[in-house]
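# An overview of the molecular structure
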Amino acid sequence: MTSQAIKVGMLGGTFDPIHHGHLRSALEVREALELDRLHMIPAPQPPLRGVPQVSAEQRLALLKMGIGETPGLYADCRELRREGPSYSIDTLAELRAEYGEQARLVMIIGFDAFLRLPQWHRAGDLLSLAHLVVMARPGYQTPWPEELKELVGSSEVEGADSLMQRPKGGVLMLSLPSMMAISATYIRERLGEGKSVRYLLPEAVEEAIHEKGFYQHFFQHDE
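Now for a quick tour of the structure. (Residues numbered from 1 in each chain as written. Predicted model: local features only at pLDDT ≥ 70, side-chain atom pairs only at ≥ 80, totals over all residues. Heavy atoms only, no water.)

### A few points about the overall build of the protein
Rules: Counting from the N terminus, the helices are DSSP H or I runs at least four residues long and the strands are E runs at least two residues long. The quantity called the radius of gyration is restricted to C-alpha atoms. Its globule counterpart is 2.2 Å times the number of residues to the power 0.38. Burial here depends on accessible area, computed with a 1.4 Å probe over protein chains only, as a share of the maximum for the residue type. Under 20% is buried, over 50% is exposed, and the range in between is partly exposed. Contact between two residues is taken to exist if any of their heavy atoms lie within 4.5 Å; hydrogens are not considered. Per-residue and other accessible areas were derived by the Shrake-Rupley procedure at a 1.4 Å probe size, with only the shown protein chains allowed to occlude residues. We count Lys and Arg on the positive side and Asp and Glu on the negative side, and we leave His and both chain ends out. Throughout, a charge is located at the NZ atom of Lys, the CZ atom of Arg, the CG atom of Asp or the CD atom of Glu.
Of the regular secondary structure elements, the protein holds 9 helices and 6 strands. Relative to the 2.2 N^0.38 estimate, which gives 17 Å for 223 residues, the radius of gyration of the protein is 17 Å and therefore close to what a compact globule would have. With respect to the principal axes defined by its C-alpha atoms, the protein has extents near 50 × 40 × 40 Å. A burial count over the protein gives 48% of its 223 residues as buried. Put simply, 76% of the contacts in the protein that link residues at least 6 apart link residues at least 24 apart. Of the roughly 11300 Å² of accessible surface on the protein, 48% is carried by carbon and sulfur atoms. Looking at charge distribution, the protein has the averaged site of its 23 positive side-chain charges lying 2 Å from that of its 30 negative ones.

Laid out in structure tokens, this is it:
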């Protein structure tokens, strides 16, 4: 039964803009977990972040360009259609309903986001819907806050095979081989200063950003 259950991942983010760090991580997570599908889901305005520089629809369009024909990666616009704040718990509930109870459903987050997990909306319910996979830099150690230890409890597992034995409820720390140190903030700053962003993001995304004049007035937005 395990070998036949579909394996689905959810990777949310602002993607402001999408860059090679996002895309390479998505690809490596998909390979490591042998996911059939990985939904990359732009947030309209994440509850724990400031207002993005470019509209949600524009970021979605850039995400689609960035993914291109890459097998298994999907630009998913469901959170853009939702009224009010975008909460991961709602998205997981939708995906669980779509793929069924036996699907192996995985929410993928970065280590910094993991440390803030207790602040998330209905954080205690996340593992009742999905597994949690935390992208960690190799050798990167930070003590977990007590609140986080209580939340995760004894859910941590070793390795993707153990995780995929069940449809939900596990936590896996996953070190990715590349973990490119590219930040969207750095890209926005360079664009705002008129500097090159070549090789930081896909060529199609770079061309669209220049063509439409996105992020060129980055610093005015922050004043």
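### Quick word on unusual backbone geometry
Note: most peptide bonds trans; most residues except glycine with negative phi. Residue Asp16 is joined to Pro17 through a cis peptide bond whose omega torsion reads 5°. Positionally, Pro17 belongs in the loop between β1 (7-13) and α1 (20-33). Positive phi is not limited to glycine here, since Phe15 has a value of about 50°. The topology assignment puts Phe15 in the loop between β1 and α1. We classify Phe15 as buried; its relative accessible area is 5%. The backbone of Tyr199 shows a phi angle near 75°, a positive value even though the residue is not glycine. Tracing the chain through its elements places Tyr199 in the loop between α7 (184-192) and α8 (203-212). What makes Tyr199 exposed here is its relative accessible area of 70%.

### Digging into the side chain of Ser88
When you line up the elements, Ser88 lands in helix α3 (residues 88-99). We classify Ser88 as buried; its relative accessible area is 19%. Setting aside chain neighbours within four positions, we find Ser88 in contact with Met10, Met107 and Trp120.

### Focus on the pairing of strand β4 (residues 104-110)
For clarity, the cut-off: At least two bridges found by DSSP between two strands are what make those strands a pair.
Across the 7 residues of β4, 6 count as buried, placing the element largely inside the fold. Of the pairings in the sheet, the one linking β1 to β4 comprises 5 bridges and is parallel in character. In the strand pairing of β4, Val8 is matched with Leu105. With 5 bridges joining them, β4 and strand β5 (residues 131-136) adopt parallel strand pairing. Note on β5: the bridge partner recorded for Gly110 is Met135.

### Some words on the pattern of salt bridges
To keep things clear, this is the line we draw: Each reported salt bridge corresponds to a side-chain nitrogen of Lys or Arg within 4 Å of a carboxyl oxygen of Asp or Glu.
Scanning the model with the defined rule gives 11 salt bridges in all. Lys7 serves as the salt-bridge partner of Glu34, at 3.6 Å between the closest nitrogen and oxygen. Note that Glu34 is positioned in the loop between α1 and β2 (37-42) and Lys7 in strand β1, a separation of 27 residues in sequence. Using a relative accessible area of 15% as the deciding quantity, one classes Lys7 as buried. Salt bridges linked by common partners bring Asp76, Arg78, Arg82, Glu94 and Glu98 together as one network.

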